[in-house]
Amino acid sequence: MDILVVGSVAFDSVETPFGKAEEVLGGSATYFSTSASFFSDVALVAVVGDDFPEEHKKMLEARNIDIRGLQTVPGGKTFRWKGRYEYDLNQAHTLDTQLNVFSDFNPTIPEDYRDIPYVFLANIDPELQMEVLEQVKNPKLVACDTMNFWIEGKPEALKKIFGKTELVIINDSEAREFAGNANLVKAAAKILACGPKTLIVKQGEYGALMFSGSSVFSAPAYPLEDIFDPTGAGDCFAGGVMGYLAKTGDTSEANIRRAIIVGSVMASFNVEAFSLNRLKALTVEEISLRYGEFRQLTHFEDL
Ligand code: AMP
């Protein structure tokens, strides 16, 4: 097994200007693991209630994702998130968050998952993220994500997590909010001062920026004609980044740059349909084709 992910598995209800979906499969760990599974073997740790259908578990297993760490709470209700996007798809408005089975969740990492080299702490309560870190043994790379819900609710716990991860992957509004600074370069410096070696700031339809020591890398987003639902784009991005890093076993800066493009490719597919519908139908050929298109998009000659 290459990657361990701990995060949410959810029912999402989403409204965008282009349609809506009720109680569909979502969750940070679901999107992440599905995306990463195109490159590496993934083990997922999360919790659901017994309202979670077998069909969704089968979908994850069909992608070769190890779900032995997915606990089912008898009589419990699965986590639910409700969100709305306006024409500016970069900003998700959370309408409702029901933690349900997450309220009493203590992630137990199965013994044979504890020495998995790549660990992704997807968006969940930072105190739970810390419980995971206390159980894993000498990972090669730990990366994490979060969201405004936790930045506002548990900023101190989050700061401790940033101090224990090499790679932080968050979006621009989260970086600004966490750092209390509207300028992204200054916000990035403040986050890096908490401990991570590298910070990737996702900017939705404007791409992503990587800050690492004195170096900055900028990746575009793919200019898509049809975007239906941006939910999960950030997790698919992170899944592509980690999936590619684990596949190549190389965490150099040059390889993280490639991984960022792979992540951007995965995110660009995910937004083409609601829930995980586009990823379910995605092929490896489509991924490599779009990687090539990304190269073309940013290629320019010397003066
Ligand atoms: P993204 O669009 O990549 O930022 O992630 C969206 C996913 O995050 C959705 O599928 C939600 O189920 C999940 N999510 C939303 N709020 C939370 C939260 N507070 N904790 C954990 N997961 C969440």
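What counts and how
- Residues numbered from 1 in each chain as written.
- Predicted model: local features only at pLDDT ≥ 70, side-chain atom pairs only at ≥ 80, totals over all residues.
- Heavy atoms only, no water.
- Axes fitted to C-alpha atoms, helices over the stretch in contact; angles between N-to-C directions.
- Helix = DSSP H or I, 4+ residues; strand = E, 2+ residues; numbered from the N terminus.
- Parallel < 35°, antiparallel > 145°, perpendicular 65-115°, else oblique.
- Left-handed = near helix turned anticlockwise from the far one by under 90°.
- Contact = heavy atoms within 4.5 Å.
- Near = heavy atom within 4 Å.
- Polar contact = N/O pair within 3.5 Å; in protein donor to acceptor, adjacent residues only side chain to side chain.
- Areas by Shrake-Rupley, 256 points an atom, 1.4 Å probe, with all protein chains shown as cover.
- Nonpolar A, V, L, I, M, F, W, Y, C, P; charged D, E, K, R; others polar.
- Pairing = 2+ DSSP bridges.

Quick look at the packing of helix H8 (residues 233-248) against helix H9 (residues 253-270)
Argument step 1. It is at 7 Å that the axes of H8 and H9 come closest, and there the two elements cross at 140°. By the angle between their axes, H8 is oblique relative to H9. Crossing hand, H8 versus H9: right-handed. For the pair H8 and H9, the contacting residues are Ala233, Cys236, Phe237, Gly240, Val241, Tyr244, Leu245 and Thr248 in the first and Asn255, Ile256, Arg258, Ala259, Ile260, Val262, Gly263, Ser264, Met266, Ala267 and Asn270 in the second.

Considering the site of the ligand
Argument step 1. Close to the ligand lie 18 residues; Ser8, Asp12, Gly27, Gly232 and Asp235 are nearest.
Argument step 2. Within the side chain of Asp12, one N or O atom sits 2.5 Å away from an oxygen atom of the ligand.
Argument step 3. Gly27 is positioned with one of its backbone polar atoms (N or O) 2.7 Å from an oxygen atom of the ligand.
Argument step 4. Coverage of the ligand by the protein chains reaches 89% of its 510 Å² of free accessible surface.
Argument step 5. Breaking the shell around the ligand down by element, the ones donating at least two residues are strand E2 (10-16), strand E6 (79-85), helix H4 (148-153) and H8.
Argument step 6. Here the element with the most residues in the shell around the ligand is H8; it accounts for 3 residues.
Argument step 7. Partitioning the shell around the ligand into residue classes produces 9 nonpolar, 7 polar and 2 charged.

Considering the sheet that holds strand E10 (residues 167-171)
Argument step 1. Strand order across the open sheet formed by 9 strands is E5-E4-E1-E8-E9-E10-E11-E12-E13, with mixed pairing between neighbours. The open sheet terminates on both sides in strands that have one partner only, identified here as strand E5 (66-73) and strand E13 (215-219). Going from strand to strand, the sheet's axes swing by 15° on average, the running direction of each strand aside.
Argument step 2. Taken together, the 2 bridges between strand E9 (residues 141-144) and E10 define a ladder with parallel strand orientation. Looking at the pairing, Cys144 lines up with Val168 of E10.

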